[in-house]
Amino acid sequence: MAALRSFVHAIWSLVTVVPWAIMMIVASLFVSSVAMYRLAQGWLWLCMQGLRLICGVRWRVTGMDNLPQGRTSPAILLVKHQSTLETFLMPLLMPHPLAFVFKRELLYVPFFGWAMGRLDMIHIDRNQRARAFSKVVEQGKRLLAQGIWIIMFPEGTRIPRGQKGTYKHGGTRLAVETGAPVIPVAVSSAKVWPRKAFIKRAGVVDVVIGQAIPSAGRDPDDLLREVESWIEGQMHRIDPEAYK
């Protein structure tokens, strides 16, 4: 049954992304970046509602009161990465528009990548590491000043359930450079949608948002260790079965 539901959800995502991407590409010629972001949220909402109704996936969020208040209050979200689920869910949860930092190869994915390319986000060439980080800082400062929050996955890639990847300090370096606080986020998405898996299983995903960590005057590596300790501690708490 889970396989059948996953197949139906995949078809649902496919048949909605093509017209939605075409609509976004055309709309980008006429509307603002804010309106483009809202259009993208519309498709993400369709996917997540499909995941809920078709596959029986639910999500439970705690810590929303830890998010900075104010229309232009800056923040850099550092999120545990286990699944595609959190990339779709986080823009729907956050009160501010989000800008993802992602590898530019994603821009070449038909329809989905083409639509992403029309959004005000940060795509980088990983082969040019020094230049890539300079671009992240330059664009990050501009976006944060507009009230757009930056979201990054410090492990860099999706990590199997119950495991910990190597945390990289790009996000904390950006926080120190811009003075924006860091918001750590733990997500137990692999319980229902494991890394690189087609089959999604019914269940509840916990999203835990931590308190804002000031970055002013901090060492990026020390700040990263604090973020890593908090996220991994929360992962053991919200998904204890995975860490037996």
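All figures in this text were calculated on a predicted structure; none of them were measured in a lab.

Analysis parameters
- Residues numbered from 1 in each chain as written.
- Predicted model: local features only at pLDDT ≥ 70, side-chain atom pairs only at ≥ 80, totals over all residues.
- Heavy atoms only, no water.
- Helix = DSSP H or I, 4+ residues; strand = E, 2+ residues; numbered from the N terminus.
- Rg over C-alpha atoms; globule rule 2.2 N^0.38 Å.
- Buried < 20%, exposed > 50% of the residue type's maximum accessible area, 1.4 Å probe, protein only.
- Contact = heavy atoms within 4.5 Å.
- Areas by Shrake-Rupley, 256 points an atom, 1.4 Å probe, with all protein chains shown as cover.
- Lys, Arg positive; Asp, Glu negative; His and termini not counted.
- Charge placed at Lys NZ, Arg CZ, Asp CG, Glu CD.
- Pairing = 2+ DSSP bridges.
- Axes fitted to C-alpha atoms, helices over the stretch in contact; angles between N-to-C directions.
- Salt bridge = Lys/Arg side-chain N within 4 Å of Asp/Glu carboxyl O.
- Polar contact = N/O pair within 3.5 Å; in protein donor to acceptor, adjacent residues only side chain to side chain.
- Parallel < 35°, antiparallel > 145°, perpendicular 65-115°, else oblique.
- Left-handed = near helix turned anticlockwise from the far one by under 90°.
- Disulfide = S-S within 2.5 Å.

Caption draft 1: Region of the structure containing the overall build of the protein. Of regular secondary structure, the protein possesses seven helices and seven strands. Moving toward the C terminus, one meets the helices and strands of the protein in the order α-α-β-β-α-β-α-β-α-β-α-β-β-α. Against the compact-globule benchmark of 18 Å for 244 residues, the protein has a radius of gyration of 18 Å, which places it among compact chains. With 244 residues in all, the protein has 48% of them scored as buried. If you take every contact in the protein between residues at least 6 apart in sequence, the share linking residues at least 24 apart comes to 73%. For the protein, the accessible area works out to roughly 11800 Å², and carbon and sulfur atoms hold 58% of it. A gap of 8 Å separates the mean positions of the 30 positive and 17 negative side-chain charges of the protein.

Caption draft 2: Geometry of the sheet that holds strand β6 (residues 182-187). Taking strand neighbours across the sheet as the criterion, the seven strands line up as β1-β7-β6-β2-β5-β3-β4 in an open arrangement whose pairing is mixed. Each of the sheet's edge strands pairs with one partner strand only, and the pair in question is β1 (57-62) and β4 (122-124). Pairwise comparison of adjacent strand axes, ignoring direction, gives a mean angle of 20° for this sheet. Relative to β4, strand β3 (residues 98-103) runs parallel, the two sharing three bridges. Of the residues in β4, the one forming a bridge with Val-101 is Ile-122.

Caption draft 3: View of the environment of Met-90. For Met-90, the location among the structural elements is in helix α3 (residues 85-93). Using a relative accessible area of 1% as the deciding quantity, one classes Met-90 as buried. Contacts of Met-90, omitting those with residues within four sequence positions, involve Leu-77, Val-79, Leu-98, Ile-151, Val-185 and Val-207.

Caption draft 4: Here's a closer look at the pattern of salt bridges. Enumeration according to the criterion identifies nine salt bridges in this entry. Across the pair Asp-239 and Arg-161 runs a salt bridge whose closest N-O atoms are separated by 2.7 Å. Residue Asp-239 is located in the segment after α7 (220-238), and its partner Arg-161 is located in the loop between β5 (149-152) and α6 (170-178); the two are separated by 78 residues in the primary sequence. For Asp-239, a relative accessible area of 2% corresponds to the buried category. Between Arg-218 and Glu-226 there is a salt bridge; the shortest N-O distance is 2.9 Å. The class for Arg-218 is partly exposed, based on a relative accessible area of 22%.

Caption draft 5: Geometry of the side chain of Thr-16. With respect to the helices, strands and loops of the structure, Thr-16 is situated in helix α1 (residues 2-27). We classify Thr-16 as buried; its relative accessible area is 9%. A polar contact is formed between the side chain of Thr-16 and the backbone oxygen of Trp-12, at a distance of 2.8 Å. Within the local environment of Thr-16, its side chain forms a polar contact with the backbone oxygen of Ser-13, the two atoms lying 3.1 Å apart. Here Thr-16 is in contact with Trp-43 and Leu-46, once residues within four sequence places are set aside.

Caption draft 6: Looking closely at the packing of helix α2 (residues 33-55) against α3. Taken N-terminus to C-terminus, the directions of α2 and α3 make an angle of 125°; their axes are 9 Å apart at the nearest point. In terms of orientation, α2 and α3 fall into the oblique class. For the pair α2 and α3, the crossing hand works out as left-handed. In this structure, α2 uses Tyr-37, Gln-41, Trp-43, Leu-44, Trp-45, Cys-47, Met-48 and Leu-51 to contact α3, whose residues at the interface are Leu-85, Phe-88, Leu-89, Pro-91 and Leu-92.

Caption draft 7: Expanded view of the state of the cysteines. According to the stated counting rule, one finds zero disulfides in the structure shown. As a non-bridged cysteine, Cys-47 has Cys-55 as the owner of its nearest cysteine sulfur, 11 Å distant. Relative accessible area serves as the criterion here: at 1%, Cys-47 is assigned to the buried category. Given a relative accessible area of 1%, Cys-55 falls into the buried group.

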